[in-house]
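Report on the structure
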Amino acid sequence: MKKLKQLILLPLLFGSLYASEANDIAFQALFTVNNIWILISAFLVFIMHLGFATLESGLTQAKNTVNILFKNISIIAIGILTYALCGFNLMYPGNFNGFFGFAGLGISTPEGAAGLIEYADGTYTYFTDFIFQAMFAATAATIVSGAVAERIKISSFLIFSTVYVALIYPIVGSWTWGAGWLDARGFHDFAGSTLVHSVGGWAALVGAYTLGPRLGKYSRKGKIKPILGHNMPLATIGVMLLWFGWYGFNGGSVLSADPGAVSFVFVTTTLSAAAGVIGAMLTSWFISKKPDLSMILNGSLAGLVGITAGADCISPINSVIVGFAAGILVVFSVIQFDKMKIDDPVGAISVHLVCGIWGTLAVGIFSPDYQLGTQLTGVFAYGIFCFVSANIIFQIVKLSMGMRVTEEEEIIGLDISEHDMEAYAGFQIFTIE
Amino acid sequence: MKKLKQLILLPLLFGSLYASEANDIAFQALFTVNNIWILISAFLVFIMHLGFATLESGLTQAKNTVNILFKNISIIAIGILTYALCGFNLMYPGNFNGFFGFAGLGISTPEGAAGLIEYADGTYTYFTDFIFQAMFAATAATIVSGAVAERIKISSFLIFSTVYVALIYPIVGSWTWGAGWLDARGFHDFAGSTLVHSVGGWAALVGAYTLGPRLGKYSRKGKIKPILGHNMPLATIGVMLLWFGWYGFNGGSVLSADPGAVSFVFVTTTLSAAAGVIGAMLTSWFISKKPDLSMILNGSLAGLVGITAGADCISPINSVIVGFAAGILVVFSVIQFDKMKIDDPVGAISVHLVCGIWGTLAVGIFSPDYQLGTQLTGVFAYGIFCFVSANIIFQIVKLSMGMRVTEEEEIIGLDISEHDMEAYAGFQIFTIE
Amino acid sequence: MKKLKQLILLPLLFGSLYASEANDIAFQALFTVNNIWILISAFLVFIMHLGFATLESGLTQAKNTVNILFKNISIIAIGILTYALCGFNLMYPGNFNGFFGFAGLGISTPEGAAGLIEYADGTYTYFTDFIFQAMFAATAATIVSGAVAERIKISSFLIFSTVYVALIYPIVGSWTWGAGWLDARGFHDFAGSTLVHSVGGWAALVGAYTLGPRLGKYSRKGKIKPILGHNMPLATIGVMLLWFGWYGFNGGSVLSADPGAVSFVFVTTTLSAAAGVIGAMLTSWFISKKPDLSMILNGSLAGLVGITAGADCISPINSVIVGFAAGILVVFSVIQFDKMKIDDPVGAISVHLVCGIWGTLAVGIFSPDYQLGTQLTGVFAYGIFCFVSANIIFQIVKLSMGMRVTEEEEIIGLDISEHDMEAYAGFQIFTIE
């Protein structure tokens, strides 16, 4: 009988041991693939910054190119460093938990502090969470850059951006993604139509309005004079890199590599972007009788911004509708802002603010799980807070150090006046009258 | 005895439960990594479209840049949307199963319809399959764009492309990848030397021939006047992005993340591209006595197209031979087409059609598992069908709305005449006589 | 009793079988995700070559653009092919094991030779190891390209690079990564601050010094005349692609997808790059009173090179210090080399050699696990060997075929004199006096 008992214990022991080891490896494998996908998404979001830099410089004048590139490169660095300093802690979790608190700042191996690996139930590590979110942070400020281009002082822009990305972005982000009060009410913004794009878009609107239009853009008699972008291949590179990076922006927001969810998000994101191109193409072709490249570029971005809030909960057929409508919307919006004499050189307000709002509302319209009323509440809450705070920061900067370059500097171009450098040394470039 | 039985049942139960749970997690982990790799491959193939757009605009004249960018961006949108509309259903499986039938079009969560996740034996989801294949679809039409550049009407091109990508590409694709009649005969085309590149290449040939050469390209006395590309950095960006994206094009065609197979494909693809550079470098240096940048760019693409059919079944050493031969071939082919007065501004026919055929035959020559005769059959079948159908569509478009811009429009450039927009506003650009 | 025994054997058998199958799948899943991450890293390192190509051509004159692009594309092909021919075998393992020996060169399926899949304890395959390392190899030679730009003969450069990348790089690489003598002493260079960047940097120094400065760079009276880069958007694209690719360069050097280690490396790499931007921005703004774009571009690269040796063992807060110091260092270094009349058109020596040394020493300063003395030993060993061997190869090439183009060729530009091709046909470009 004793022998028998041993005989029984044997399989108990071995079977469990085997199974337990297999379990550990299996768990590790799933953890590893989920984590690596979010890291991959992080570098995809990173390259979106190159997309913004090239899009914005392509759509503006050659004489302001160095300035735009400088702004976009420095804002990445500022965004990442301030996010480590305070943004990450301010944003998660939603209830205010002090400004500073990046865990593991002083450890020299990832295992150096308990719980940083087994963070998030073994889906991703603390470091992965930080780096993915940090890449997002800088985008909000970058959106502003386009709308205020060709006339803002570089030092003023850097100070505004630093404050906006270090404080405003994480505070309002915590409301939803930090499990804050809007999340509790059932507001849904999957990857940031509002939390990233509108947050940037409101500041872009405030900036463009406060600065006033570029010299010569609107004549005394109310005529609108287009100021042409100097490099359309550069702008196209920008848009395509943004679309490319969006697979990480939306795809990584699943916060795991779950096959069903990530592939669904890829499909809705792609269909909406494609429909945005067609929507903007048909609308602008109909209005101006010519197929307009800059409009289809903005159309694809409009579709992408539009689907960002609901990429996880809007059906493929409806994502085509969302994108198509965003593509139409962006064309009319660009025209409308021009009529209102709000000078936005790259159409950032139309793409990010207008289509960001549209995308947030679309969740309430097309998804059975969310309420249009709640989505509207979110849009208003973000709008009021961002509009007011952006205004306050802009006014403080304006009063203390000035916001706009002098007329003479604007005419010479910011590359020479602010940076003493040309973007295209040796090329014969003339200013278009 | 009863107690004893319980004692025995315990390990049975727990051991199996443990094991079963481990099994589930393990299966899920493998499913997740296979699926995410194909999604990664999908965005790599996506960025190839930026590669085509920049390569083609870099190798043509500054005055036609907006036009080329416009064509390449809109063709992505058209390719993706028509693939959702009918292409995907037409292509898989091979036997005709009606035009329309995108499953799960109306569901707002990936779990919304049974079988869309557990598609393909748990290797990838339905949505993953669609998005990877949809990214492929548009490439065939993009290949045509380069060969017909600088003289085709934008509206005519868009209509031709839409029909070709929506109908012809999926129908002929089904013959092999849809388990159709050529697949049954043992024809092998791993990632599309024929199914993508030659299919696009045949239409490129038809287009270039039907349109006729650009004004001034061939003088009355039979002299060939080179029309120089306007932006070599842009062309280089294009080629490198294409090479970069090819890791998804070929790597994703494994249809799983199997370590042996994917890494093998990476090695053969890379060696062939590198050998294509050297092959084209030596050949063109020998012929023209100068190291020719545009030839080594085309050489790398030639090597990539050449290995695409057999990247999974040609040995590393033979992949060097395939690529080297493709690099030589592309140089002679470019020269030959020029002698035949078939004007292909970017060398698309030489790269995609000629090297596509070479790569397809190379499978029969270098792989022990496939027959040269069968490969030849495939090349002929695709050639005849694509050549005839491309001709029919071109002729219908030509007769109904015209295919070529007027002489005056061609001289002014398509950017102004078709789009009323300049690619490089402010730059002093002259037309080379 | 017999029945009982069977009853006992049942769970033993089934439990184990279940567990064993689960174990196999779990192991396969972990293998697959580790392997695919290194392949992903390989294509990220690949795109760094486009980064180098665009950065170098952007920072030099328009008339030498085709030449730089040609060098950078051909060096990739040369690097990959020579690495297959002899580099891979020379480098691993450290003890010399003959020149040639690429396993599986002749097999036409990955399973064709035993042990190529179950290589590296099932973390990655033989082919994965090769392709990741091959992508690294070419970078060393590419670094040289920038320092010798605008005056080196194309044929001489190609021969120098081929020898350097085929022999010197793998030999010195084996000392550390091939488990050679420096590895045995405890020298640590995680991803190549020394093994890649300094190895390239030493040859860059030898090249720039041996060739002498570009015409007109330093006047008789000792004044320094800046020769401006012709395309700052191109340079910015280059830097951002390098930063992007660095996630594979450093992230892949973990040699697995281990969640803790890879995410830690992502964080240190990113923080150091960001701090490099700020360090260079403040330093150059302070010195020249203007925010300097080319300095913040070099600052980010300085931060990246600086953290590369210790990305796995330097804490996040210290990685900020490493990057910030690198950003300061690179500005002073660029100025210093100019004073010494060593003409390095793109700052390659400062970025790769100076910051490579700094990063290698930083491991000894900031990581508790490594000794500063040992790190210094490594720096000296690599310095002496690379400096001497680069000198020998350069002198042999110089004596046998000449190293520098003629004065006339340099004035016309290498694009016309060496390649008979313009980079920007149609654009009005003047030479800055």
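Quick look at the structure, then. This one's a predicted model, so the numbers in the text were calculated from it and none came from an experiment.

1. Re the overall build of chain A
- What chain A contains, in helices and strands, is 14 helices and zero strands.
- Traced from its N-terminal end to its C-terminal end, chain A shows the element sequence α-α-α-α-α-α-α-α-α-α-α-α-α-α.
- A buried classification covers 68% of the 433 residues belonging to chain A.
- Here the analysis covers contacts within chain A between residues at least 6 apart in sequence; of these, 78% occur between residues at least 24 apart.

2. A short note on the relation of the copies chain A and chain B
- Rotating chain A by 120° and translating it 0.0 Å along the rotation axis places it on chain B, where the RMSD comes to 0.0 Å. Each copy turns onto its partner about a three-fold axis.
- The share of interface residues of chain A whose copies in chain B are also at the interface is only 19%, consistent with the copies meeting through different surfaces.

3. Quick notes on the interface of chain C and chain B
- Taken together, the 68 residues of chain C in the interface contact 64 residues of chain B.
- Those elements giving two or more residues to the side of chain C that touches chain B turn out to be α1 (2-58), α2 (65-91) and α3 (126-147) of chain C.
- The element best represented in the side of chain C that touches chain B is α1(C), accounting for 29 residues.
- Across the side of chain C that touches chain B, the residue classes break down as 46 nonpolar, 18 polar and four charged.

4. A word on the relation of the copies chain C and chain B
- Note on the copies: chain C fits chain B at an RMSD of 0.0 Å, the axial shift is 0.0 Å, and the rotation between them is 120°.
- Different-surface contact between copies: only 18% of interface residues of chain C are shared with the interface of chain B.

5. Observations concerning the environment of F380(C)
Residue and element names in this part refer to chain C.
- Locating F380 in the fold gives a position in helix α12 (residues 372-401).
- Its 11 C-beta neighbours within 10 Å are what place F380 among the exposed residues.
- Sequence-wise, F380 and I357 are 23 residues apart; in three dimensions their C-alpha atoms are separated by 9.5 Å.

6. As for helix α12 (residues 372-401) of chain A
Residues and elements named next belong to chain A.
- Across its 30 residues, α12 extends 42 Å between first and last C-alpha, which sits within 8% of the 44 Å expected from 1.5 Å per residue.
- Buried-residue contacts for α12 involve α4 (154-176), α5 (181-184), α6 (193-211) and α11 (348-366).
- Of the residues flanking the end of α12, it is G402, one or two places downstream, whose phi is positive at about 85°.

7. So, the nonpolar core
- Core analysis: the largest hydrophobic core is formed by 500 residues, its most contacted members being A26(A), A26(B) and A26(C).
- Ignoring sequence-local partners within four residues, the contact set of A26(C) consists of A22(A), I25(A), A26(A), A29(A), A22(B), A26(B) and A29(B).

8. Brief notes about the interface of chain A and chain B
- On the chain B side, the residues contacting the 64 residues of chain A number 69 residues.
- Of all elements in the fold, only α1 (2-58), α7 (232-251), α8 (259-288), α9 (293-308) and α10 (316-339) of chain A reach the threshold of two or more residues within the side of chain A that touches chain B.
- Of the residues forming the side of chain A that touches chain B, the biggest block, 16 residues, is contributed by α1(A).
- In terms of residue class, the side of chain A that touches chain B is built from 46 nonpolar, 16 polar and two charged.

9. What to know about the packing of helix α6 (residues 193-211) of chain C against α12(C)
Residue and element names in this part refer to chain C.
- Packing of α6 against α12 brings their axes to within 9 Å, and their N-to-C directions diverge by 40°. As the angle between them shows, α6 and α12 are arranged oblique. Handedness of the α6/α12 crossing: right-handed. Touching T194, S198, V199, W202, A203, V206, G207 and T210 of α6 are G378, V379, Y382, G383, C386, F387, A390, N391, F394 and K398, all from α12.

10. What about the packing of α6(C) against helix α11 (residues 348-366) of chain C?
Residue and element names in this part refer to chain C.
- Where α6 contacts α11, the two axes come as close as 8 Å, and the packing angle between them is 140°. The angle between the axes of α6 and α11 places the two elements in the oblique class. Considering the relative orientation of α6 and α11, their crossing is left-handed. Touching S193, T194, H197, S198, G200, G201, W202, A204, L205 and A208 of α6 are A348, I349, H352, L353, G356, I357, G359 and T360, all from α11.

11. Considerations on unusual backbone geometry
- In this structure, E150(A) takes a positive phi of about 75° despite not being glycine.
- Mapped onto the fold, E150(A) is located in the loop between α3 (126-147) and α4.

12. Let's talk about the environment of W202(C)
Residues and elements named next belong to chain C.
- Here W202 shows up in helix α6.
- Each C-alpha atom of the pair W202 and G146 lies 13 Å from the other, and the pair is 56 residues apart in sequence.
- The residues contacting W202, other than those within four sequence positions of it, are L353, G383, C386, F387 and A390.

Criteria and cut-off values
- Residues numbered from 1 in each chain as written.
- Chains lettered and ligands numbered in written order.
- Predicted model: local features only at pLDDT ≥ 70, side-chain atom pairs only at ≥ 80, totals over all residues.
- Helix = DSSP H or I, 4+ residues; strand = E, 2+ residues; numbered from the N terminus.
- Buried ≥ 20, exposed ≤ 12 C-beta atoms within 10 Å, placed from the backbone.
- Contact = placed C-beta atoms within 7 Å.
- Least-squares fit on C-alpha atoms with pLDDT ≥ 70 in both.
- Nonpolar A, V, L, I, M, F, W, Y, C, P; charged D, E, K, R; others polar.
- Expected span 1.5 Å × (residues − 1).
- Core = buried A, V, L, I, M, F, W, Y, C linked by C-beta atoms within 7 Å.
- Axes fitted to C-alpha atoms, helices over the stretch in contact; angles between N-to-C directions.
- Parallel < 35°, antiparallel > 145°, perpendicular 65-115°, else oblique.
- Left-handed = near helix turned anticlockwise from the far one by under 90°.

Geometric descriptors of this kind do not, in isolation, establish any biological role.
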